[in-house]
Amino acid sequence: MKTMTATDAKTRFGQMLDDAMRAPVAIEKSGRSVAVLVSSQEYQRLQDAEEEMWGFRARMAEANGFLTEAEQSAWLARMGAKLNAETPAN
């Protein structure tokens, strides 16, 4: 992955866009990575992959069953009681 400083990215913006069409470009400021510029095609690919991952997780949750409303309430009550027990009194 190509790396540019923020100053170079500002002064050579057109070149940075051209570079990002071929591969992601990391942008550094004060020696640390602060952003990565990707092409719109790569961004869409990443979005599609994320949607597929969430769809897969939803299908797995559906296949393994959901908690009923009563089960959710009971679980939340247990967690609330546990958190209250762990919180020191003032």
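All of the points below concern the structure found in this document.

Quick look at the sheet that holds strand 1 (residues 2-5)
Backbone hydrogen bonds hold the strands of a sheet together, and the pairing may be parallel or antiparallel. Overall, mixed pairing links the three strands, which are arranged 1-2-3 in an open sheet. The outermost strands of the open sheet, each flanked by one partner alone, are strand 1 and strand 3 (32-37). This sheet shows a mean twist of 30° between the axes of neighbouring strands, independent of strand direction. Its contacts with the sheet put helix 2 (residues 13-22) on strand 1, strand 2 (25-29) and strand 3, and the angle it makes with strand 2 is roughly 135°.

Remarks on unusual backbone geometry
Notably, Ser30 is not glycine yet its phi reads approximately 55°, a positive angle. Within the secondary structure, Ser30 sits in the loop between strand 2 and strand 3.

Conventions we followed
Residues numbered from 1 in each chain as written. Predicted model: local features only at pLDDT ≥ 70, side-chain atom pairs only at ≥ 80, totals over all residues. Heavy atoms only, no water. Pairing = 2+ DSSP bridges. Helix = DSSP H or I, 4+ residues; strand = E, 2+ residues; numbered from the N terminus. Axes fitted to C-alpha atoms, helices over the stretch in contact; angles between N-to-C directions. Contact = heavy atoms within 4.5 Å.

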